[in-house]
Amino acid sequence: MKTSFWRNSLGLEPEDDWKREWAAGILSYFASVYIVMVNAAILHDAGMPLRAGMVATLLTAITGCLLMAFGGKTPIIVVPGMGINAFFTYTLVHSMKLDWREALAVVVVTGILFAVVAFTSLYRILSDAIPPNLQHAITVGIGLFLTFIGLQKSGIVIAHRTTFVAIGHFSDPEVITSCVTLLLALVLFVRGTRGGLLISMAVGTGLAYLLGAGHVPEKLESGHVFTGYGDVFIGMGWTNVVSLVFWIAVFLLLLIVVFENIGLIASQTLLANRPERFKSSLRALSLANIAAGLFGSSPVVAAAESNAGIAAGGRSGLTSLVTGLLFAATFLFIPLLTYVPDSAIAPILIVIGGLMVQSVREMDFNDMTEVFPSFLVMVMIPFTYSIVDGMAFGFITYPIVKLAMKRGKEVPAALYVIAGLFLANFILHALL
């Protein structure tokens, strides 16, 4: 009776093997646990306390994996998304001048709207409104943006008065550490080593302290791991909820979250041979995004690392349940994670950025009315240091070049509205 209950709750089919599901869950954990430190470091750049950022990341990942296990009943791992966390910190906070608490309010509202989209047919309408080339261009642009951030954090690229950027100083222990860690991460990744990014981060941390590039945290937070987290949990700021900037932020974040997750979930449910669970997985993920804002994290995605567990035989929610339980055990190591330096984290951002750039292979380069707007999205995101402004250049250009070629009917009506909103945002900033 108990076995039947768990099989139904987690979506286990008669042919699914419990041991294989457990092994897949463990593999998925080691493939994705690096996100705890990397995401916390990016949230810290937004002004959030580092340890609180780790707690928020873990609670979000645990909740997301449990929702996917019992709601989606698929082996999809749910963690804060790389790229989206960069949007949270470097666009919402740094560019749009929202406080990180206000940015968390944006995440909660976005999660609620995502749930409305996921529980209705709106997800199809919204997905069809944006041409595939622009969708892939956003992913590529964010990948280049993450790479640029990683190069800055590592010291491999530094500011220059004349050329804006220049190569760093290779005599600097931090740069040496970053370069060695990057090479190790690349070697382990191309060889398909399980937990390669985690291993390279650990080796990079040890090397940093060996070379004197690591720094012991000046103010070690004493007490329980949750000390200081009370200011982050349900710590949303609603001061600017009636402002235009707040709702522009919600709209843009919703676009990114919906586009990225629809594609990821569709491919992963297909890979796991469970395409009929697409809707349930999308709905579970939308609820996880509401939880992310409440816990104090940037939005979540169906992690690309889920593919590692699926390839190892994960087919049901038991895989994500095991991964969630292991994330819970990670609370024991939070004090140690505060010692990981930027020189060990930055190379991981570079590698992940490189993986995101692979979306360029899905783009159609035969039509210049498709190519040039997509090109502007890809290059303007890193060059303006803003995901919003980079998207705006491409989304405004797309209908213009289509109309110039008398092909305006190819542009979805919703895209004209989106382009108008981006243009209005530029005009508003010019007038203020």
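Before reading on, note that the structure itself is shown above.
As a starting point, this report considers the structure included with it.

Criteria and thresholds
Note on numbering: residues in each chain are counted from 1, in written sequence order. At least 70 in pLDDT is required for a residue's local features to be given in this predicted model, at least 80 for side-chain atom pairs to be given and counted, and no such filter applies to totals for whole chains, interfaces and linings, which use all residues. Side-chain numbers come from the whole structure's heavy atoms, not from hydrogens or water. Buried Ala, Val, Leu, Ile, Met, Phe, Trp, Tyr and Cys residues that are joined via side-chain atoms within 4.5 Å together make up what is termed a nonpolar core. Per-residue accessibility, obtained with a 1.4 Å probe over protein chains only, is compared with the maximum for each type, and a residue is labelled buried under 20%, exposed over 50%, and partly exposed between these values. Each helix is a run of H or I in the DSSP string that is no shorter than four residues. Each strand is a run of E no shorter than two, and both are numbered from the N terminus. The working definition used for a salt bridge is a side-chain nitrogen of Lys or Arg within 4 Å of a carboxyl oxygen of Asp or Glu. Like charges within 9 Å and nonpolar side chains (Val, Leu, Ile, Met, Phe, Trp, Tyr) within 5 Å are joined into patches, using only residues over 30% in relative accessible area that form no salt bridge. Using a 1.4 Å probe, the Shrake-Rupley method yields the accessible areas, and only the shown protein chains count as cover for residues. Two strands pair if DSSP finds at least two bridges between them. Note that the arc is computed from the directions linking the helix axis to the C-beta atoms. Here an angle of 0 to 180 degrees is reported between the N-to-C directions of two axes, which are lines fitted to C-alpha atoms, with helices fitted over the stretch in contact. Any angle that falls under 35 degrees is termed roughly parallel, while one over 145 is termed roughly antiparallel, one within 65 to 115 roughly perpendicular, and all others oblique. Should the near helix be turned counterclockwise from the far one by less than a right angle, the crossing is left-handed, whereas a clockwise turn marks it as right-handed. By the convention used here, residues are in contact when the closest approach between their heavy atoms is within 4.5 Å. Under the convention adopted here, Pro, Cys and the residues Ala, Val, Leu, Ile, Met, Phe, Trp and Tyr are nonpolar, Asp, Glu, Lys and Arg are charged, and Gly plus all remaining residues are polar. Any two rings among Phe, Tyr and Trp, with Trp reduced to its six-membered ring, count as a pair given centres within 6.5 Å; such a pair is stacked if its planes are under 30 degrees apart, edge-to-face if over 60, and tilted if neither.

## Section: the nonpolar core
Core analysis: the largest hydrophobic core is formed by 122 residues, its most contacted members being Val-38, Leu-92, Phe-327, Met-391, Phe-395 and Phe-422. The leading source of residues in this core is helix H11 (residues 244–271), at 15 residues. The next biggest cluster of nonpolar side chains, apart from the first, holds 6 residues, and it includes Leu-12, Ala-69, Leu-318 and Leu-321.

## Some words on the pattern of salt bridges
In this structure the tally under the stated criterion is 8 salt bridges. Residue Arg-101 pairs with Asp-99 through a salt bridge whose shortest N-O separation is 3.3 Å. The closest approach of N and O atoms between Glu-370 and Lys-402, which form a salt bridge, is 3.1 Å. Within this pair, whereas Glu-370 is found in helix H17 (residues 368–383), its partner Lys-402 is found in helix H18 (residues 387–404), the two being separated by 32 residues in sequence. Side by side, Glu-370 and Lys-402 carry an identical accessibility label, which is buried. One connected set of salt bridges, linked through shared partners, spans Asp-367, Glu-370, Lys-402, Arg-407 and Glu-410.

## Section: the side chain of Ser-28
Residue placement: Ser-28 occurs in helix H2 (residues 18–32). A relative accessible area of 0% places Ser-28 in the buried class.

## Section: a nonpolar patch on the surface
Taken together, the side chains of Ile-112, Val-116, Leu-122 and Ile-125 make up a nonpolar region of the molecular surface, amounting to roughly 340 Å² of accessible area. Tracing the backbone shows Ile-112 in helix H6 (residues 100–118).

## A word on the environment of Val-157
Note that Val-157 resides in strand S2 (residues 157–160). Each C-alpha atom, one on Val-157 and one on Gly-314, is 40 Å from the other, the two residues being 157 residues apart in sequence.

## Overview of the pairing of strand S3 (residues 164–167)
Sheet topology note: the S2/S3 ladder contains 4 bridges and is antiparallel. Counterpart to Ile-158 in the pairing with S3 is Ala-166. Hairpin connection between S2 and S3: a loop of 3 residues separates the two successive antiparallel strands.

## Thoughts on helix H7 (residues 122–129)
Within the span of H7, buried status applies to Tyr-123, Leu-126, Ser-127 and Ala-129. On an axial view of H7, the arc spanned by its buried residues comes to 160°, and they lie on one face. Residues Ile-125 and Asp-128 are exposed on H7 and point more than 90 degrees away from its buried face.

## Details of the packing of helix H5 (residues 84–93) against H11
With their axes 11 Å apart at the nearest point, H5 and H11 run at an angle of 165° to one another. Viewed along their axes, H5 and H11 adopt a mutual orientation that is roughly antiparallel. For the element pair H5 and H11, the recorded crossing hand is right-handed. Of the residues in H11, those in contact with Ile-84, Phe-87 and Leu-92 of H5 are Ala-249, Leu-252, Leu-253, Ile-256, Val-257 and Glu-260. In terms of residue class, the contact of H5 with H11 is made up of 8 nonpolar, no polar and 1 charged.

## Some remarks on the packing of aromatic side chains
This model, assessed by the stated rule, comprises 15 aromatic pairs. Ring plane angle 75° and centroid distance 5.4 Å describe the contact between Tyr-29 and Phe-327, whose orientation is recorded as edge-to-face. Remark: Phe-327 occurs in helix H14 (residues 317–329) and Tyr-29 occurs in helix H2; sequence separation between them is 298 residues. Take Tyr-29 and Phe-327: they sit in the same class, and that class is buried.

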